[in-house]
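Okay, here's what each chain looks like letter by letter:
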Amino acid sequence: MQLMLKALLSVCVFISSTFFLEAQNNFKLKYTNSSVYAGIEVGSKGVKLSVIEIGKNAQSRGAFNVLKDSSVNTDFISFNEPTFSSTLSAVCNLYSTAINQYKIQPGFVYTVVSSGVRIQATKEDKMDWIDNLIDSFKLKIQEPDREVKVADVLEEARLSHLGIVPEARRYNTFLIDIGSGNTKGGYFPNGNTKDFKLFQVSWGTKSVANATEKRCGDDNGLSNYSKQLYRVLSEAENSEIIYAVNESGSYPKTDNVAFSGGIAWSVATLMFPELIDNSVVGITFDQMLKFNERLANNFSSVSEASLVKNILDKTLDKAVIAREIKRVHQVFDQKSLMAGAGLLLKIMRQFQSIYEGKQFYLVKNGQVGWVSAYVDQNTTNK
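Throughout, a residue's number is its position along its own chain's written sequence, starting from 1. Under the rules for a predicted model, residues below a pLDDT of 70 receive no local features and side-chain atom pairs below 80 are neither given nor counted, while totals for whole chains, interfaces and linings still include all residues. As a convention, hydrogens and water are excluded, and side-chain values are obtained from all of the structure's heavy atoms.

Counting its secondary structure elements, the protein chain contains 15 helices and eleven strands. Here the protein chain, with 382 residues, has 55% of them falling under the buried criterion. Contacts are assigned to residue pairs with any non-hydrogen atoms lying within 4.5 Å of each other. Considering only contacts within the protein chain whose residues lie at least 6 apart along the sequence, 72% involve residues at least 24 apart. In these tables, accessible area is a Shrake-Rupley quantity obtained with a 1.4 Å probe, and a residue counts as shielded only by the protein chains included in the view. For the protein chain, the accessible area works out to roughly 17100 Å², and carbon and sulfur atoms hold 49% of it. Here a strand is any run of E in DSSP of at least two residues, a helix any run of H or I of at least four, and the numbering for each starts at the N terminus. Accessible area is worked out with a 1.4 Å probe on protein chains only. A residue is then buried under 20% of its type maximum, exposed over 50%, and partly exposed in between.

Below you can see the structure in the form of structure tokens.
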């Protein structure tokens, strides 16, 4: 990642400020003397575009502002021709949007394939699909020299921590990002941002759902899905999760356990719709356990209509809340919510049983963490 950014930033020095101002004029900016950047990430479930305003000293003061957040579901890790084509189309279209519609200069658009995709491709001996996607993308946008980095899990986790966790809690927070294809995270054990203790599990929301569906065979009923999901998650817990949590050694150095990723945003939105303006919400293990039961046994209770109906605070904008709940259900169906929430609960269970007194949090805007830290860290060090 660092090599890519150094190359990109060396190009940026020679680009005129006029083009850059056009990008700023496309958005209502929050800070003075800020800059606009974009990150395009090919994930396991889909392709994401984040347009972010970065203020000075972003990581020390939290001065970054999400201007635009778009995603296209493509299910790349199914590794077949239809999902390959839809992923390639999504990457090209989002890149074109960033350049032509938002007027962001190419040197300020970062492109990366997530570590979750890499891990799943390695599992299935499908790395050639990633290589073909990158080559096809560069050919279509006519930028043969553009570097599209396939993210390393350690650097991705470190940058996510820097971008998501505020400086005041940087050295006492264990961050766990549950992605589509894998789960990664960690903490800074020695009071500096160079030494990072990595936590990783080769399971994510989509990979758990895919493994469960494969086990279901011809019986696609919810009852059978629940049974097979229990087995998949139990195997993941026994083979990886317990060891990863025990090996992390975080107990004496961290007080908070924060979860990010699409499933964290979804759970936070459906559990606490009235806290729509909160980017981070606290949660207990018992609350998460009961929510998992609702997903399997009373799914209608987390529908848009049901949740909005139960909001009694008249000062809240129900229309805005309804749109966010609807967006969750557009991204995750019942089975994928069960898979992701089940994985979150399994990980949380290990911290709950081993590390008494930890505070759990759900982070809603974690998807922009890597790009904000990616930009801020390197531009600061220029």
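After that view, the rundown keeps rolling.
It is characteristic of soluble globular proteins that their nonpolar side chains tend to be buried jointly. As used here, the term nonpolar core means buried Ala, Val, Leu, Ile, Met, Phe, Trp, Tyr and Cys residues forming a set that is joined through side-chain atoms within 4.5 Å. Judged by nonpolar contacts, the single largest core of 56 residues is most densely connected at I176, F259, M288, I347 and L362. The element best represented in this core is helix α14 (residues 334-354), accounting for ten residues. With residues near it in sequence (within four places) discarded, F259 still touches I176, I178, A264, L344, I347, M348, F360, Y361, L362 and V363. Formed by 39 residues, the second largest nonpolar core is a distinct cluster that contains V47, L67, I77 and C92.

Our focus in this paragraph is the environment of D255. Relative to the assigned elements, D255 resides in the loop between α9 (222-248) and β9 (256-260). Along the primary structure D255 and R169 are separated by 86 residues, whereas in three dimensions their C-alpha atoms are 9.2 Å apart. If we skip the residues at most four places from it in the chain, D255 touches N172, G357, K358 and Q359.

One can describe the packing of helix α8 (residues 205-216) onto α9 by two numbers: an axis separation of 9 Å at closest approach and a directional angle of 125°. When the interaxial angle is binned, α8 and α9 end up oblique. Between α8 and α9 lies a crossing whose hand is right-handed. Across the interface between the two elements, V208, A209, A211, T212, E213, R215 and C216 of α8 pack against N224, Y225, Q228, L229, R231, V232, L233 and E235 of α9. Each residue belonging to the contact of α8 with α9 can be placed in one class, and the counts come to eight nonpolar, three polar and four charged. What counts as an axis is a line fitted to C-alpha atoms, over the stretch in contact for a helix, and the angles between N-to-C directions run from 0 to 180 degrees. The labels follow the angle: roughly parallel below 35 degrees, roughly antiparallel above 145, roughly perpendicular from 65 to 115, and oblique for the rest. For any pair of crossing helices, the crossing counts as left-handed if the nearer helix is rotated counterclockwise from the farther one by less than a right angle, and right-handed if it is rotated clockwise. For this classification, Asp, Glu, Lys and Arg are treated as charged, while Ala, Val, Leu, Ile, Met, Phe, Trp, Tyr, Cys and Pro are nonpolar and the rest, including Gly, are polar.

As a further point, take the pattern of salt bridges. As a working rule, side chains carrying opposite charge can pair if their charged atoms are close by. Between Lys or Arg on one side and Asp or Glu on the other, a salt bridge is scored when a side-chain nitrogen of the former is within 4 Å of a carboxyl oxygen of the latter. Summed over all chains, the structure comprises nine salt bridges. Notably, a salt bridge pairs K184 with E156, separated by 3.1 Å at the nearest N-O pair. Taken together, the positions of K184 in strand β7 (residues 183-187) and E156 in helix α7 (residues 153-164) put the pair 28 residues apart, joining distant regions of the chain. Across the pair, E156 and K184 agree in class, each one buried. Put simply, E247 and K197 hold a salt bridge, and the shortest N to O gap is 2.9 Å. Here E247 is found in helix α9, whereas its partner K197 is found in strand β8 (residues 197-201), with 50 residues between them in sequence.

With that settled, the discussion passes to the packing of helix α4 (residues 81-101) against helix α6 (residues 127-140). Running from amino to carboxyl end, α4 crosses α6 at an angle of 40°, the nearest separation of the two axes being 10 Å. Classified by the angle between their axes, α4 and α6 sit oblique to one another. Judged by the sense of rotation from one axis to the other, the crossing of α4 with α6 is right-handed. Along the contact surface, α4 presents E81, F84, T87, L88, V91, C92 and Y95, while α6 presents W129, N132, L133, S136, F137 and K140. Of the residues assigned to the contact of α4 with α6, the class counts are eight nonpolar, three polar and two charged.

Patch members must show over 30% relative accessible area and no salt bridge, and they are joined within 9 Å when carrying like charges or within 5 Å when they are nonpolar side chains of Val, Leu, Ile, Met, Phe, Trp or Tyr. Lys and Arg are tallied as positive, Asp and Glu as negative. Neither His nor the chain termini are counted. For charged residues, the charge sits on one atom: NZ in Lys, CZ in Arg, CG in Asp, CD in Glu. Negative charge collects at one region of the surface, where D125, D128, D131 and D135 lie side by side. With respect to the element layout, D135 can be found in helix α6. Its relative accessible area of 48% is what places D135 among the partly exposed residues.

So, about helix α5 (residues 115-123). Within the sequence span of α5, burial applies to S115, G116, V117, I119, Q120 and A121. Count one or two residues on from α5 and you reach D125, which has phi positive near 55°.

As a further point, take α6. Under the convention used throughout, the expected extent of a helix is 1.5 Å for every residue step, that is, one less than its residue count. A rise of 1.5 Å per residue sets the reference length of α6, with its 14 residues, at 20 Å; its end C-alpha atoms lie 20 Å apart and thus fit the reference within 8%. Residues of α6 that are buried include every one of W129, I130, L133, I134, F137 and K138, and no others. Here the buried residues of α6 occupy an arc of 165° about the axis, which is enough to place them on one side. Those residues of α6 that are buried are in contact with β1 (35-42), α4, β4 (109-113), α5 and β5 (149-150). Where α6 terminates, the next one or two residues include Q142, which has phi positive at roughly 60°. Working definition: the arc comes from the directions between the helix axis and the C-beta atoms, pointing outward to the latter.

As a further point, take the confidence of the model for the protein chain. By definition, pLDDT measures how confident the predictor is in each residue, and it falls between 0 and 100. Summing up the model confidence of the protein chain, the mean pLDDT is 86 and the portion of residues at 70 or higher is 84%. At the level of individual helices and strands, the protein chain shows its lowest average pLDDT in helix α1 (residues 2-12), which scores 42, and its highest in α6, which scores 97. Low confidence marks residues 1-20, where pLDDT is under 50. Its contacts with residues over four positions away, or in another chain, come to 39 contacts.

Quick look at the side chain of R170 now. Counting through the fold element by element, R170 comes out in the loop between α7 and β6 (173-178). We note that R170 is buried and unpaired, the nearest opposite charge coming from E167 at a distance of 4.2 Å. Any pair of nitrogen or oxygen atoms within 3.5 Å is treated as a polar contact; in protein, a donor-acceptor pairing is required on top of that, and neighbouring residues in sequence qualify only through side-chain atoms on both sides. There is a polar contact of 3.5 Å between the side chain of R170 and the backbone oxygen of V165.

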